[in-house]
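# Breakdown of the fold
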Amino acid sequence: MKSLDAKAEELDAKSPFTHVRERFRRPDGTVYMGGHSLGALSSNVPAALEKAVLQEWGQGVVRSWIDWMPVLSALGERVGSLLGAAPGCTAVGDSTSVQLFNALTAAARLRPDRPVLLTDPGHFPTDRYLADSVARLLGLRVHRVAVPDAAEFLRAHGDEVGVAAYPAVDYRTGELWDLPKLTAMAHGAGALTVWDVSHAVGAMPLDLARHDVDFAVGCTYKYLSGGPGAPAFVYAAPRHQEFLDQPLTGWLGHAEPFSGEEAYRPAPGIERTRIGTPPMLSALALNAALDVYDDVELFEVRSESLSLTSFLIDCADELLAGRGFEVVTPRQENQRGSHVALRHPDAYPLVRALIERGVIGDMREPDLVRFGCNALYVTHEDVYRCVVTLRDVVDAGEHRDPRFRLRKAFG
Ligand SMILES: *Cc1c(COP(=O)(O)O)cnc(C)c1O
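If you check an unreviewed UniProt entry, the protein chain appears there as Kynureninase from Actinomadura chibensis. Here is the UniProt Sequence similarities (unreviewed entry) comment for the protein chain, exactly as written: "Belongs to the kynureninase family." For the record of the protein chain, the UniProt heading Subunit (unreviewed entry) holds the text "Homodimer."

## Comments concerning the UniProt feature "modified residue: N6-(pyridoxal phosphate)lysine" (unreviewed entry) in the protein chain
Taking the numbering used here, the UniProt-annotated feature "modified residue: N6-(pyridoxal phosphate)lysine" (unreviewed entry) corresponds to Lys222. Within the fold, Lys222 resides in the loop between strand 9 (215-218) and strand 10 (233-236). The exposure class of Lys222 is buried, given its relative accessible area of 7%. Lys222 has contacts with Gly35, His36, Ser37, Gly39, Phe124, Ser198 and His199, leaving out every residue within four places of it along the chain.

## Here we look at the environment of Ser133
Relative to the helices and strands, Ser133 is located in helix 5 (residues 125-138). Using a relative accessible area of 23% as the deciding quantity, one classes Ser133 as partly exposed. With 249 residues separating them along the chain, Ser133 and Asp382 place their C-alpha atoms 41 Å apart.

## A word on the packing of aromatic side chains
Remark: the centre distance and the inter-plane angle together describe each pair of aromatic rings, the angle taken between the planes. Within this structure, the stated rule accounts for 5 aromatic pairs. Both rings, one in Phe24 and one in Tyr377, keep their centres 4.9 Å apart while their planes meet at 50°; by these two values the pair is tilted. Taken as a pair, Phe24 in strand 1 (residues 24-25) and Tyr377 in the loop between strand 15 (368-372) and helix 12 (380-396) lie far apart in primary sequence, 353 residues in all. Side by side, Phe24 and Tyr377 carry an identical accessibility label, which is buried. On the numbers, 6.5 Å between centres and 50° between planes, the contact of Tyr166 with Trp195 is tilted. With Tyr166 in strand 7 (residues 161-167) and Trp195 in strand 8 (residues 192-196), the pair connects residues that are 29 residues apart, well separated along the chain. Judged by relative accessible area, which is 1%, Trp195 ranks as buried.

## A closer look at the sheet that holds strand 15
Backbone hydrogen bonds hold the strands of a sheet together, and the pairing may be parallel or antiparallel. What the 4 strands build is an open sheet, ordered 11-12-15-14; its pairing is antiparallel. With partners counted over all chains shown, the strands left at the sheet margins are strand 11 (326-327) and strand 14 (362-364), one partner each. Pairing between strand 12 (residues 339-343) and strand 15: 5 bridges, direction antiparallel. Looking across to strand 15, one finds that His339 is bridged to Gly372. Here helix 10 (residues 298-319) sits on the sheet in contact with strand 11, strand 12 and strand 15, set at roughly 20° to strand 12.

## Here's the deal with the nonpolar core
If you look at the biggest cluster of nonpolar residues, it comprises 97 residues, and the most contacted ones within it are Leu83 and Leu376. Beyond its immediate chain neighbours, meaning those up to four positions away, Leu83 contacts Thr90, Val197, Val201, Leu206, Asp207, Leu208, Phe233 and Tyr235.

## Side note on the site of the ligand
Ser95, Thr96, Ser97, Phe124, Thr126, Asp127, Asp196, Ser198, His199, Cys219, Tyr221 and Lys222 make up every residue found near the ligand. Thr96 places a side-chain nitrogen or oxygen 3.0 Å from an oxygen atom of the ligand. A distance of 2.6 Å separates an oxygen atom of the ligand from a polar atom in the side chain of Ser97. When the ligand is considered free in solution it has 390 Å² of accessible area, and contact with the protein chains removes 87% of it. Among the elements of the structure, helix 4 (96-109) and helix 5 are those that each provide at least two residues to the shell around the ligand. Taken together, the residues of the shell around the ligand sort by class into 3 nonpolar, 6 polar and 3 charged.

Quick notes on the rules
- Residues numbered from 1 in each chain as written.
- Predicted model: local features only at pLDDT ≥ 70, side-chain atom pairs only at ≥ 80, totals over all residues.
- Heavy atoms only, no water.
- UniProt positions renumbered as here; feature names shortened; annotations may be inferred.
- Helix = DSSP H or I, 4+ residues; strand = E, 2+ residues; numbered from the N terminus.
- Buried < 20%, exposed > 50% of the residue type's maximum accessible area, 1.4 Å probe, protein only.
- Contact = heavy atoms within 4.5 Å.
- Phe/Tyr/Trp six-rings, centres within 6.5 Å; stacked < 30°, edge-to-face > 60°.
- Pairing = 2+ DSSP bridges.
- Axes fitted to C-alpha atoms, helices over the stretch in contact; angles between N-to-C directions.
- Core = buried A, V, L, I, M, F, W, Y, C linked by side-chain atoms within 4.5 Å.
- Near = heavy atom within 4 Å.
- Polar contact = N/O pair within 3.5 Å; in protein donor to acceptor, adjacent residues only side chain to side chain.
- Areas by Shrake-Rupley, 256 points an atom, 1.4 Å probe, with all protein chains shown as cover.
- Nonpolar A, V, L, I, M, F, W, Y, C, P; charged D, E, K, R; others polar.

Following this line, the structure appears as structure tokens:
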């Protein structure tokens, strides 16, 4: 049997992204496996930001909005093309949390006679908290039903469900849910879907239009590498746009933002999802970061990502055996996103000790170590070094150092 390091070399030699990798910067001397949380810096971004700050802001000042607004609309389309959206269905701005609040509320208002908001008990915290808040606001009941049981719930109580709000990929385990199937089930019951695709966008084709998704939101700072706090996106199917009644009716979503009209009158199409002045510097950083997607095919990103996560699982099986780890990410490829989660009771100190050794991953409470495999810049060799280092940390007991047990925010 071939050794894992030889296998890594062989797989990397076949990678279609050898030249793409150079378009990202990663901290010197590290293996960066945190791209599922904050994507690595694209080399296009510093120059774009310098131009945005010194020329567009510094020299253009307020006049630059004339150029910025079309960039913002084009940016929506660029993200939309990564979602498999038709033109005019995607807008960029605000945070995922804000977009989600707007989309969830607007979706629920499209089904006013249905009292249940169906969502995932394991959804990302912001999605769980906002579901509760939207339910309080609109007088709904939240039912938390995991994806595998959602079909059954929809069969039995589907006529009560107005909105089903689920993640495309579980942020902890990396499990990829069956978006087409759940969307079809929800539609069969007369409900609408709000998908949070934060952990999927940029890592795989999504085909939202083909799967008839109603609404989707997601962030752009994970696989898309838009940068910390990069603006999130909202997708709305064309059939819903003209009926959208959003809770956050900001001036920029007005049909004529500069008219100063007394009452809110929504802009036609997806433009009505705008709220207030967008974070333009972040939008320009994202725009530069997305250039790389002009030169890659998402299906290739997906197949390389699966090669990386499969290899990570193989490395874990072989190198971490007998050391208290459990691979919680599904082994079946069509059930896997682009990160791998390993369960271990010492997840937190292990991640801290690994970082000290130059391998950057992260953890989620209570016991999951997560490694992100962004196919655009992570190699099989990185994956191998990551798992070997984890083994060495465990064997040397480095994670037992008391300073690795002290919790840090954003550790
Ligand atoms: C990362 C992530 C978010 C982030 O929300 P922000 O408002 O950008 O902080 C939301 N939902 C999911 C599912 C995520 O993975």
